[in-house]
Amino acid sequence: MHISVIGLGYVGSVTAIALAKAGYDITGIDIDENIVSSFKKGNLPIYEPGLEKLLDEAIKEQKIRFATLEEVDEIGEIVFICVGTPSLQNGSVDLSYIRKSIKWVLERTSGPATIVVKSTVPPGTGKKLIRQYLSNTRLSYISNPEFLREGMAVEDWLHPDRIVIGGEDKESIERIKSLYSSIDAPVVITDITTAEMIKYAANSALAIKISFINEIANLCDILGADIDDVARGLSLDPRIGSGFLRAGLGYGGSCFPKDVRALDFLANSNGYSLELIRSAIIANNRQKFIPVKTLKRRFYDLWNVPVSILGLTFKPNTDDIREAPSIDIMNALLEEGADITAYDPKGIEKIRRIFGERIRYAKSPIEAINGTKAIVLVTEWEEFVRLDWQEAFKRMQEPKIVIDGRNALDYKLLKSIGFEYYGIGRGRR
Ligand code: UGA
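Just so you know, these numbers come straight off a predicted model, no measurement behind them.

As a further point, take the packing of aromatic side chains. Under the defined criterion, the tally for this structure stands at 8 aromatic pairs. Each ring, one from phenylalanine 39 and one from phenylalanine 66, has its centre 4.6 Å from the other, and the planes form 20 degrees; the classification is stacked. Note that phenylalanine 39 is positioned in helix α2 (residues 33-40) and phenylalanine 66 in strand β3 (residues 64-68), a separation of 27 residues in sequence. We classify phenylalanine 66 as buried; its relative accessible area is 8%. Relative to phenylalanine 419, the ring of phenylalanine 393 has its centre 5.1 Å away and its plane inclined at 85 degrees; by these criteria the two rings are edge-to-face. With phenylalanine 393 in helix α17 (residues 389-395) and phenylalanine 419 in the loop between α18 (411-417) and β14 (420-422), this pair connects stretches of sequence that are 26 residues apart. Members of the aromatic cluster, connected to one another through ring pairs, are Phe244, Tyr251 and Phe256. Positioned over the ring face of phenylalanine 147 is arginine 162, at 3.7 Å from the centre of the ring.

Here it is, written out as structure tokens:
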């Protein structure tokens, strides 16, 4: 079966390569010539653990080819749409790439074919798109939201918690369901708007959970309780569950911030106010500035204070810096006149495009730390957890502060070495 995948970003590239590995003939399509030419050379243009190997195999097995929109001749019976749906200024979602993709499909086929939207679109979008573009055609529409975590996307594709398929006609639903037949996971079959809502509700629930544990952590800091033990105590209750209870500097990335804003906008524009989600957004915005507050309290004046930032991507094991807390933290510190040296295993080039000469870039964590008075760990890359902290201590200037923004470090070790250690909600320590 021939399948096209439009949009070769973090979601589309996993979709295209994984379906090719499942034995389907895939055409991976993107508007961006650089992305397509990179794939044609066999190079993955993003960093996603495990995916490059699958790409190599799929190319060798001749199951995948890549093309720009203009180059495509035949698009097959199924077209996955995995294009970006960025936030607009007011929090709503820009659907222009989705619309362009649907028009492009209509120009190339009169069907029968199935359009499968994997991009995250607000509940109600699919129904409107069908009315606008597909009502008198032989093209059907399926909503098939993705639940892939960056850095874990291959694993999440192969072992998902669930597969959600929203559609109007049974035949298309069955066709899409059969694509996943080799995957062992519960399948939720529903209507299109409900499938779209499941995606937003899932990301909102997780964002709320993060903001909840962060608020409890902040209170732990005030009252002298220990968030690590609180989280463990909570996680043993299966009704609460153990995931997403890591307190830190808040969520970032291309999904949670955008999706909770979009749901809030959608509710407002339909005359309803999502109070819980609004609070989660406010709490998350406040959370990322904790290191700035701590440093200002500690130094009062941050002018020329050398600070190192460890971790620039929004989380470890990705090169994605979209809505990364590091960006807001560094902007706020620069505003105060701090002298910043930053390091990240994968994110430096993208950060350099934003900050240019305004900060220094190091080639290793120790180089970043050298001569600084304070370290802010923003992203918990393994490399930082395993760092030679004795050596780091020797390289720093007094007062040798470590702000562990992800509670990732061994605080006992750091304190015994002599660091002034601050975690998030590790108050008693
Ligand atoms: C998230 C969801 O987890 C995926 O299921 C979903 O498919 C994806 O968004 C999407 O909508 O496409 P992702 O953004 O890759 O995936 O990253 P997560 O691992 O979920 O982490 C998101 C943010 O929450 C990160 O900034 C992370 O540091 C933060 N986080 C996560 C915490 O602060 N505490 C936690 O306990 C867990």
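This brings us to helix α5 (residues 125-134). For α5, every residue scored as buried is listed here: Thr125, Gly126, Leu129, Ile130, Tyr133 and Leu134. When α5 is viewed along its axis, its buried side chains cluster within an angular range of 130 degrees and face the same direction. Every exposed residue of α5 that faces more than 90 degrees away from the buried side is listed here: Lys128 and Arg131. If you follow the buried residues of α5, they end up packed against α4 (96-108), β5 (113-117), β6 (139-143) and α8 (192-223).

Quick notes on the rules
- Residues numbered from 1 in each chain as written.
- Predicted model: local features only at pLDDT ≥ 70, side-chain atom pairs only at ≥ 80, totals over all residues.
- Heavy atoms only, no water.
- Phe/Tyr/Trp six-rings, centres within 6.5 Å; stacked < 30°, edge-to-face > 60°.
- Helix = DSSP H or I, 4+ residues; strand = E, 2+ residues; numbered from the N terminus.
- Buried < 20%, exposed > 50% of the residue type's maximum accessible area, 1.4 Å probe, protein only.
- Lys NZ or Arg CZ within 6 Å of the ring centre and 35° of its normal.
- Arc of directions from axis to C-beta.
- Contact = heavy atoms within 4.5 Å.

What is shown is where atoms sit, not what they do.
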